[in-house]
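Notes for the structure review
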Amino acid sequence: MKNELAKLSIWYQKNKRDLPWRKDNNPYHIWISEIMLQQTRIEAVIPYYERFITFLPTIHDLATIDEEKLLKLWEGLGYYSRAKNLKKTAQIIEQEYQGKFPTEYVEILKLPGIGEYTASAISSICFNQKEVTIDGNVLRVFTRFFNDKRNIDEPKVKKEIRHYLMQVIPIDAGDFNQGMMELGETICLPKGTPKCLQCPLNKDCLSYKKNTYLSLPVKKKKSTKKEEFYTVLLYQYQNKYALYQRKEESLLQNLWSFPQLEGNVSKKEIVSYLEKNSISYKNIQKDINYTHIFTHKKWQMKSYKIILKTIKNLPYQFYTLKEIETTYALASAYKPFFQSLKETDMH
């Protein structure tokens, strides 16, 4: 089995896709791409990656960028805490490693926002250290190859798979790791039917022989996401719209949002709210509904466009749609409402 898995290094060199971060083994490039790829498909990441590297070509540029500009650059990728950790890490590399990326797995692992997977990827791809990357692709390839029916969500199982792979990983560790991931992304697919006839491991793949590959890997059932309800208030004064920067400790900290009320609020209740707070308005009209999915919860959102007579008694800043689009990092949950305003503005 060891020799069969080792074939992946050769297969990878012949079949790897032409991706921008693969043009060199620059640890800065690999690091940025791996963080971006944690929740986003490769095809979607490429333009974000290219824009990021164009604006911030070096670790020094990342360490010194204004946070507001960094969040705007990260806009659309979600999980903004990752962008903040990128800057923290860049500052540490500047201060403690003279601006050069650390080469040892254990040193890389100490950096903010870098876990075992990313540390293994950087150390093996860029510095040829024999470290194994374990992600969803690798776990899928491994469990199907061995017809392994253990639950991959159990930390003990991941640890045992990592231990096994550490015993068989060849000297070209970077190519092996990328081969496992590439196979999972392009052949041993997570959804739909995998392309087993094109797989370099199919002669020895136990789940292919036993026709069990569609039931693998085994995972625990997903728990139901907690639902929360919000009513978004799209305040318009002349050609500007109300925004505020979220300061509370949360996933959306320091991002910009439209004002909102908790709950599924009716138009009548909004009228009452405006009158109670002495907010003078000309018109209220229902706008779009939108459901935003987070990792552990779901926001059910509805919106109303409120045309104001005056901005007196409102604690918000007002910006044009152009200013919002080019300058302020709007939280992803509010993008559909911005898009609706933009489309209305065009007609």
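Before reading on, note that the structure itself is shown above.
Residues numbered from 1 in each chain as written. Predicted model: local features only at pLDDT ≥ 70, side-chain atom pairs only at ≥ 80, totals over all residues. Heavy atoms only, no water.

**Quick notes on the environment of K87**
- Among the secondary structure elements, K87 is positioned in helix α6 (residues 80-96).
- Separated by 236 residues in the primary sequence, K87 and E323 have C-alpha atoms spaced 24 Å apart.
- Leave out the neighbours within four places in its chain, and K87 touches L62, A63, I65, D66, E67 and L70. (Helix = DSSP H or I, 4+ residues; strand = E, 2+ residues; numbered from the N terminus. Contact = heavy atoms within 4.5 Å.)

**Describing the side chain of R82**
- Relative to the elements of secondary structure, R82 occurs in helix α6.
- It turns out R82 is buried and unbridged, and the closest side chain with the opposite charge, E34, is 11 Å from it.
- Once residues within four sequence positions are removed from consideration, R82 is found in contact with I35, Q38, Q39 and W74. (Buried < 20%, exposed > 50% of the residue type's maximum accessible area, 1.4 Å probe, protein only. Lys, Arg positive; Asp, Glu negative; His and termini not counted. Salt bridge = Lys/Arg side-chain N within 4 Å of Asp/Glu carboxyl O.)

**Notes on the side chain of N254**
- Within the element layout of this structure, N254 appears in the loop between β2 (240-245) and β3 (256-257).
- Of note is the side chain of N254, whose polar atom sits 3.0 Å from the side chain of E67. (Polar contact = N/O pair within 3.5 Å; in protein donor to acceptor, adjacent residues only side chain to side chain.)

**Points about helix α5 (residues 67-74)**
- Listing the buried residues of α5 in full gives L70, L71, K72, L73 and W74.
- Next to the buried residues of α5 lie α2 (27-36), α3 (42-55), α4 (59-64), α6 and α14 (321-327).
- G76 sits one or two residues past α5 and shows a positive phi near 105 degrees.

By themselves, these are just geometric observations and shouldn't be taken as functional.
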